[in-house]
Amino acid sequence: MLKFFLFIISIPLFAENFYLIQKVIGFNNFRYGLINKNGSLVLNKDYDAIGSVYENVVWVRKNSKWGLIKLNGKKVLDFQFDDVRELEGGISVVVKPCYRFVVFSCENGKFGLIDITGKILLEPTYSNFLGIENYTNKTLFNKVNGVLLTEEKFISEDGYLRPINESMGLFKNRKIGLVSREGKEILPTEYKNLGIVQAGKISFLKSIDFKGLSSGILDLNGNLISKREYISVEDLTKNSENPVYFAMYRENKKNKQVFLNSSLDEIEIDSVRKIFPFTNETKSWVKNLISKNSFKSKINQIDKNGIINEEIEFDRIEYLDNEFAVLNKENKKYLYDPNLNQVFETEKEIFFGNEKILILQEKNKKYKIYFFDETEISNLEFDSVRKIKQDFSLEIGQSKGILSRDGSFFFKEGFEIIYKDSENFYWFKKENREFNMVKSIYGYFKEGKDFFVESHEPSEFHFGLSWVSKYGTKKNNSHILYKVLIDGKGKELTERKFLYTKEFDGNFAVGQIFGGNWCYIDKKGKEVYWSR
């Protein structure tokens, strides 16, 4: 029963147009088809696994092989691949052959690229693509035993893929190259590592005939465009039109450090220990040695021309959140305002902050909330503050409020606010004492209106709807907690019969009952399709 439940809940909802259906063949053995957003059948339940639909074409698996078909059943590409990993924009990684030691592993196969028309963009000759493992945790499906994962598309960091070729010897030797998503080779597979493409430039690391490693900056024709090859190169920007780098080279048996601006000019900065990444197009922070013979360092600002501002000097950075910084000098606290490009002193203890809000601890150990210019958001003093998702929970005695990262504040006396979800429903908890036992009941309010829904756990709203936990009626086991779909006013839209549910993704949600049967449910609570 447990395995059955886990599988059902993993059924993907295919955006807003297509949804997966299944037929039980045997124990842990299923066939799949598709329905559209109206609940009409699109593909019969004939396949071991199904990918997502792109321009009326879909990957399907049958008899352990993947092929490409149109939604009318016409074959685009024969069933020939052992594994498929879908990328964005109709491009897929295919694996052929797959030398697997266990049924769901294709680690020793050969990987290539194919488009949605069936055109081979890159023959399956590579050991893998670095992007799938390293640049995302989002893969639609890459199993060969018919189990589909949640639909999440792979999106490369800079629009390119990095194919890998590996050779086995005394040590595993990995070589990386660069290709476009259309399958065009940009750089051959001969590098130890490659950075991301920024403004037509890319940093590299490669071996030199067992003598060591070299780094530098290339253009997309493979030409060295940095002044020299370096011991190391660090990208200080990400997806920038004006990328800058921190590099090191060796000269006269001494290591030299340089800052490379967007024109790749070398600016010597030998005293620098660390440069923090640039989070905007102007300034960042640098950890600078006080003197060449000292291990002590100071914090200064650095711009994209490599110029270090000696007038701004601190002992250390205590907190850094994107452009917002909390600094320390001679045990005094300072705040850096990126909007005004100013630093100002504060005597308060900084508990948390972002680019707009400061949570400061007063001398009486109470917390107060301020905008960045230290004007108060609220004149209340709070006993505790903690972060909840992107917001903050604030406590006064036994009551809690919510502070959003944009500075909006919500507090209701007498309730414990749990969190504010993405659709601005504020969930609260009340503790009722029954038979000398404390029982927590959850509810919510929206825009100051109370909705005392006796849910026994909070659940986020999606499209103004939420699954809440309620005990059944006498008719259907009053001691069992069921999932019930409610609207924003607390009205129950479904019967109390679903044990497990999945949130709306597009038009439908999923509900499962005793025995493992499940159904799709529309936004009015209507049951659209049953698995039985």
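Residues numbered from 1 in each chain as written. Predicted model: local features only at pLDDT ≥ 70, side-chain atom pairs only at ≥ 80, totals over all residues. Heavy atoms only, no water.

Trainee: Where do I start with the sheet that holds strand S9 (residues 83–86) in this structure?
Mentor: Hydrogen bonds between backbone atoms are what pair the strands of a sheet, whose relative direction is either parallel or antiparallel. The strand order across the open sheet formed by four strands is S9-S10-S11-S12, and the pairing between neighbours is antiparallel. Looking along the sheet, the strands with just one partner apiece sit at the ends: S9 and strand S12 (120–126). Neighbour-to-neighbour, the strand axes of the sheet open up by a mean angle of 20°, direction not taken into account. In this structure, strand S11 (residues 111–114) lies alongside S12, joined through three bridges in antiparallel fashion. The residue of S12 that forms the bridge with Phe 111 is Tyr 126. (Pairing = 2+ DSSP bridges. Helix = DSSP H or I, 4+ residues; strand = E, 2+ residues; numbered from the N terminus. Axes fitted to C-alpha atoms, helices over the stretch in contact; angles between N-to-C directions.)

Trainee: Can you help me understand the packing of aromatic side chains in this one?
Mentor: Between two aromatic rings, the relevant description is the distance of the centres plus the angle of the planes. Within the structure shown, the criterion is met by 18 aromatic pairs. Judged by centre distance (6.5 Å) and plane angle (80°), the ring pair of Phe 463 and Phe 504 falls under edge-to-face. Here Phe 463, found in the loop between strand S43 (449–455) and strand S44 (466–471), pairs with Phe 504, found in strand S46 (residues 500–505); they are 41 residues apart in sequence, far enough to count as distant. By relative accessible area, Phe 504 is classed as buried at 6%. Site record: aromatic cluster; members linked through ring pairs are Tyr 19, Phe 508, Trp 518, Tyr 520 and Tyr 529. Stacked on the ring of Tyr 249, the Lys or Arg Arg 228 has its end atom at 3.9 Å from the ring centre. (Phe/Tyr/Trp six-rings, centres within 6.5 Å; stacked < 30°, edge-to-face > 60°. Buried < 20%, exposed > 50% of the residue type's maximum accessible area, 1.4 Å probe, protein only. Lys NZ or Arg CZ within 6 Å of the ring centre and 35° of its normal.)

Trainee: Could you clarify how one ought to interpret the pattern of salt bridges in this entry?
Mentor: Close approach of charged atoms allows side chains of opposite charge to pair. Tallied over the full model, the rule gives 10 salt bridges. Note that Asp 82 is salt-bridged to Lys 65, the shortest N-O span being 2.6 Å. You can see Asp 82 sitting in the loop between strand S8 (75–81) and S9 and its partner Lys 65 sitting in strand S7 (residues 65–70), a full 17 residues away along the chain. A residue is classified by how much of its surface remains accessible, and Asp 82, at 6% relative accessible area, is buried. Note on Lys 65: relative accessible area 30%, which makes it partly exposed. Residue Glu 492 is joined to Lys 470 by a salt bridge in which the shortest nitrogen-to-oxygen separation is 3.0 Å. Of this pair, Glu 492 sits in the loop between strand S45 (481–486) and S46 while Lys 470 sits in strand S44; the two residues are 22 residues apart in sequence, bridging distant segments of the chain. Connected through salt bridges with shared partners, the residues Arg 31, Asp 48 and Arg 61 form a single ionic network. (Salt bridge = Lys/Arg side-chain N within 4 Å of Asp/Glu carboxyl O.)

Trainee: Looking at this model, I keep getting lost on unusual backbone geometry. Mind explaining?
Mentor: Trans peptide bonds make up the majority, and among non-glycine residues the majority have a negative phi. Non-glycine residue Glu 55 carries a positive phi angle of around 50°. The phi angle at Ala 199 is positive, at roughly 55°, despite the residue not being glycine. Examined against the element boundaries, Ala 199 turns out to sit in the loop between strand S18 (193–194) and strand S19 (201–207). For Ala 199, a relative accessible area of 42% puts it in the partly exposed group.

Trainee: So what exactly am I meant to see when it comes to the environment of Gly 90 here?
Mentor: By the element assignment, Gly 90 lies in the loop between S9 and strand S10 (92–95). The spatial distance from the C-alpha of Gly 90 to the C-alpha of Tyr 54 is 6.2 Å, given a sequence separation of 36 residues. Contact partners of Gly 90, with chain neighbours within four places excluded, come to Tyr 54, Ile 114, Asp 115 and Ile 116. (Contact = heavy atoms within 4.5 Å.)

Trainee: Is there a simple way to explain the side chain of Ser 469 in this structure?
Mentor: Here Ser 469 lies in strand S44. Look at Ser 469 and you get buried, because its relative accessible area is 4%.

Trainee: Explain the nonpolar core here, please?
Mentor: Soluble globular proteins tend to pack their nonpolar side chains together in the buried interior. With 21 residues, the main nonpolar core has Leu 43, Ile 50, Val 58 and Tyr 520 as its most contacted residues. Those elements giving two or more residues to this core turn out to be strand S2 (18–26), strand S3 (29–36), strand S4 (41–47), strand S5 (49–54), strand S6 (57–62), strand S47 (508–512) and strand S48 (518–521). Within the second largest apolar cluster, 20 residues are counted, among which are Tyr 426, Tyr 442, Phe 451 and Val 484. (Core = buried A, V, L, I, M, F, W, Y, C linked by side-chain atoms within 4.5 Å.)

Trainee: Sorry if this is basic, but what is going on with the confidence of the model for the chain here?
Mentor: Predicted confidence across the chain gives a mean pLDDT of 78, with 77% of residues reaching 70 or more. In the model, residues 133–153 has pLDDT below 50 throughout and makes 74 contacts with residues more than four positions away in sequence or in other chains. (pLDDT = per-residue confidence, 0-100.)

Trainee: What exactly am I supposed to notice about the sheet that holds strand S49 (residues 527–530) here?
Mentor: Strand order in the open sheet formed by four strands is S46-S47-S48-S49, and the pairing between neighbours is antiparallel. This sheet does not close on itself; its edge strands, each paired only once, are S46 and S49. Ignoring which end each strand starts from, the neighbouring axes of this sheet average 20° apart. Where S46 meets S47, four bridges bridge the pair, whose relative direction is antiparallel. Along S47, the bridge assignment pairs Tyr 500 with Gln 512.

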